[in-house]
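Coordinate inspection notes
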Amino acid sequence: MESEEHGAHSPEEAAPVAYCRECGKPLAQESDIVVHEEAPHCAECVASFERQQEPVGADHGEGWRQGAVTEEAFNPRPFSEPINSDAPNPVLALLLGLIPGVGAVYNGQYAKAVVHVLLLGGLLGAMINSYDGPHVTSVFLLVLMFFYMPIEAFRTAQTMRKGEAVDEFSGLVEKGTAPSLTLGVALISAGVIFLLHTLEIISLGEVQRYWPVILIAIGVRMLVKRARSDEGEMQYAFEGAGPARGVSGPLGVADDLGQGPERGSGEAQ
Amino acid sequence: MSSEGRAPAHELVQAATGPVLLILLGFLFLVNYWGGLSFTQSWPILLIVFGCFKLLERLLATRAGVNPRALTVTREAGRPD
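Rules used throughout
- Residues numbered from 1 in each chain as written.
- Chains lettered and ligands numbered in written order.
- Predicted model: local features only at pLDDT ≥ 70, side-chain atom pairs only at ≥ 80, totals over all residues.
- Heavy atoms only, no water.
- Helix = DSSP H or I, 4+ residues; strand = E, 2+ residues; numbered from the N terminus.
- Buried < 20%, exposed > 50% of the residue type's maximum accessible area, 1.4 Å probe, protein only.
- Contact = heavy atoms within 4.5 Å.
- Areas by Shrake-Rupley, 256 points an atom, 1.4 Å probe, with all protein chains shown as cover.
- Axes fitted to C-alpha atoms, helices over the stretch in contact; angles between N-to-C directions.
- Parallel < 35°, antiparallel > 145°, perpendicular 65-115°, else oblique.
- Left-handed = near helix turned anticlockwise from the far one by under 90°.
- Nonpolar A, V, L, I, M, F, W, Y, C, P; charged D, E, K, R; others polar.
- Salt bridge = Lys/Arg side-chain N within 4 Å of Asp/Glu carboxyl O.
- Core = buried A, V, L, I, M, F, W, Y, C linked by side-chain atoms within 4.5 Å.
- Phe/Tyr/Trp six-rings, centres within 6.5 Å; stacked < 30°, edge-to-face > 60°.

It is worth spelling out the overall build of chain B at this point. Within chain B, the regular secondary structure consists of three helices and zero strands. When the helices and strands of chain B are placed in sequence order, the string is α-α-α. A buried classification covers 33% of the 81 residues belonging to chain B. Considering only intrachain contacts with a sequence separation of at least 6, the fraction spanning at least 24 residues in chain B is 51%. Summed over its atoms, the accessible surface of chain B is roughly 4700 Å², and 69% of this surface lies on carbon and sulfur atoms.

Structural data, given as structure tokens:
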């Protein structure tokens, strides 16, 4: 974006206005720039993105809904023709993701690996240090982590395979989307509860008795989401129940698990 | 519309989150060192501030027209200039 402005300063003599973020091709004029995910791209690259996105994306026209589900729609990008064959193997990433941090390292996301390890270490520490045995909450969160990490690693690897750029904290922060409301609310309420606890105004032991509220909240959230997806983009029908779902709430991550083609088409019927 | 010149507000907020949290972390350690609130007591403040930043980002992003439920859908692809 800066380079666009920069071009204005330099002399007219064919200095490129910007470079394609994907292939690095210089773009001579403003009109050559196609903005894709907030970055300048050349027309060819964006066209190829669109071709990739076509079967998976949510923006299907009428034909999609009226049962025009071709075989290609079910298998839009078989792994046999990865665009980026150097990308990590999703299945291996899933398995390695069970070991804290290793899945992320395998995907080359070292900062995320550190975050995972710290989170897990914190949870384990909280479990071990509590006076009256491990809290239900910390066990619950620990289990969630072990669902979240492999799934996240799998999804990241899959995205990389499609040849899309994945930045370091993808999954923690999703580019081009607004962070979920749940994320903010969950963070703030967790913060308030812990603060009240450390200031010894209330004790976690008391709060902990209300832990099933989390289950209720997750249930309500799933209901709302599915009710909404009936009108809108239909992505959530086959999301598994149980702990793995909860991960998507507080961490705002696994929400688009249902993005896969089978899920999407299943829902469309 | 948003790519004219500077980044949209919600991206600025997103970019500021990390540094602000780091500064706050340093500040909390300082307070701990000065003998005020010990860090073992004050750390949830970080969570609260992070949550506030996320909510603010969401507010600005939805106002800027970013689909809150957008997944990896390319939004502006092929937009003529």
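Right, let's talk about the packing of helix H9 (residues 181-198) of chain A against helix H3 (residues 44-63) of chain B for a bit. Interhelical geometry of H9(A) versus H3(B) gives an angle of 160° and a closest axis separation of 7 Å. When the interaxial angle is binned, H9(A) and H3(B) end up roughly antiparallel. Here the hand of the crossing between H9(A) and H3(B) comes out left-handed. On the side of H9(A), the interface is formed by Leu181(A), Leu183(A), Gly184(A), Val185(A), Leu187(A), Ile188(A), Ala190(A), Gly191(A), Val192(A), Phe194(A), Leu195(A) and Thr198(A), while H3(B) contributes Pro44(B), Ile45(B), Leu47(B), Ile48(B), Phe50(B), Gly51(B), Cys52(B), Lys54(B), Leu55(B) and Arg58(B). Of the residues that constitute the contact of H9(A) with H3(B), the class distribution is 16 nonpolar, four polar and two charged.

Further remarks concern the pattern of salt bridges. This model, assessed by the stated rule, comprises two salt bridges over all chains. Its salt-bridge partner being Lys112(A), residue Glu152(A) comes within 2.6 Å of it at the nearest N-O pair. One end of the pair, Glu152(A), is in helix H8 (residues 136-161); the other, Lys112(A), is in helix H7 (residues 110-129), and 40 residues separate them in sequence. A salt bridge links Glu57(B) to Lys54(B), with the shortest nitrogen-to-oxygen separation between them at 3.0 Å. Remark: Lys54(B) and Glu57(B) occur in helix H3; sequence separation between them is three residues, near one turn of the helix. Overall, the relative accessible area of 3% leaves Glu57(B) in the buried class.

All names here are of chain A. Even without a glycine there, the phi angle at glutamate 200 is positive, about 60°. Topologically, glutamate 200 is positioned in the loop between H9 and helix H10 (204-208). Among the residues examined, glutamate 200 registers a relative accessible area of 70% and is labelled exposed.

Tracing the sequence through the fold places Val66(B) in the segment after H3. For Val66(B) and His10(B), which are 56 residues apart along the polypeptide, the C-alpha to C-alpha distance reads 9.6 Å.

Time to look at the nonpolar core. Nonpolar side chains in soluble globular proteins tend to end up buried together. Counting residues in hydrophobic clusters, the biggest one holds eight residues: Val17(A), Ala18(A), Cys20(A), Leu27(A), Ile33(A), Val35(A), Cys42(A) and Cys45(A). In this structure, Leu123(A), Leu142(A), Met145(A) and Tyr148(A) belong to the second largest nonpolar core, which totals six residues.

Residues and elements named next belong to chain B. In total, this model carries two aromatic pairs over all chains according to the counting rule given. Both rings, one in phenylalanine 29 and one in phenylalanine 39, keep their centres 4.4 Å apart while their planes meet at 20°; by these two values the pair is stacked. Separated by ten residues along the polypeptide, phenylalanine 29 in helix H1 (residues 9-34) and phenylalanine 39 in helix H2 (residues 39-42) bring together distant segments of the chain. Residue phenylalanine 29 is classed as partly exposed on the basis of its relative accessible area of 41%.

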